[in-house]
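# Working through the structure, step by step
Each chain, written out:
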Amino acid sequence: MVYLMDLERSIYSGMVTYWKENQRGYTTNLQRAGLYSPEEANDIVEKNVDKRTVIIDEEVVLNVRGDLRSYILTKSIQKNYESLNKMEDE
């Protein structure tokens, strides 16, 4: 399965903007984004006059999301560790 991303809205808003299910609008919330079969997504992209819709594989989105969560968790742990070290130095 794949997601459809509206490139124009994503660039203007600074947030990834996905197509909702059944081509019913747009969302920046991944949980509200529609998942499309590759065939349906290709058909939608081919018919998109402005060529501003791109296909993103579901696995890519999940991997990036996982990497981001790991990065945030690592930064949080680092910050807590640094705070504890400062407290010990005082």
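See the structure printed just above.
Note that the coordinates shown come from a computational prediction; the quantities given were computed from them, not determined experimentally. (Residues numbered from 1 in each chain as written. Predicted model: local features only at pLDDT ≥ 70, side-chain atom pairs only at ≥ 80, totals over all residues. Heavy atoms only, no water.)

Further remarks concern the overall build of the protein. What the protein contains, in helices and strands, is 3 helices and 4 strands. When the helices and strands of the protein are listed from N to C terminus, the series reads β-α-β-β-α-β-α. Counting all 90 residues of the protein, 23% fall into the buried class. Considering only intrachain contacts with a sequence separation of at least 6, the fraction spanning at least 24 residues in the protein is 46%. (Helix = DSSP H or I, 4+ residues; strand = E, 2+ residues; numbered from the N terminus. Buried < 20%, exposed > 50% of the residue type's maximum accessible area, 1.4 Å probe, protein only. Contact = heavy atoms within 4.5 Å.)

Where burial is concerned, most of strand 1 (residues 2–6) is hidden: 5 out of the 5 residues are buried. Burial along strand 1 is two-sided: the residues Val2, Leu4 and Asp6 and Tyr3 and Met5 are all buried. Relative to strand 4 (residues 53–57), strand 1 runs antiparallel, the two being bridged by 5 bridges. Directly across from Tyr3, in strand 4, lies its bridge partner Ile56. (Pairing = 2+ DSSP bridges.)

Should the charged atoms of two oppositely charged side chains come close, the side chains can pair. Considering all chains together, one arrives at 3 salt bridges under this definition. Asp6 is the salt-bridge partner of Arg9, the closest N and O atoms lying 3.2 Å from each other. Arg9 gets classed as partly exposed once you look at its relative accessible area, which sits at 37%. Of the charged contacts in the structure, one is a salt bridge between Glu8 and Arg52, with a shortest N-O distance of 3.0 Å. In this pair, Glu8 is assigned in helix 1 (residues 7–13) and Arg52 in the loop between helix 2 (38–47) and strand 4, connecting sequence segments 44 residues apart. (Salt bridge = Lys/Arg side-chain N within 4 Å of Asp/Glu carboxyl O.)

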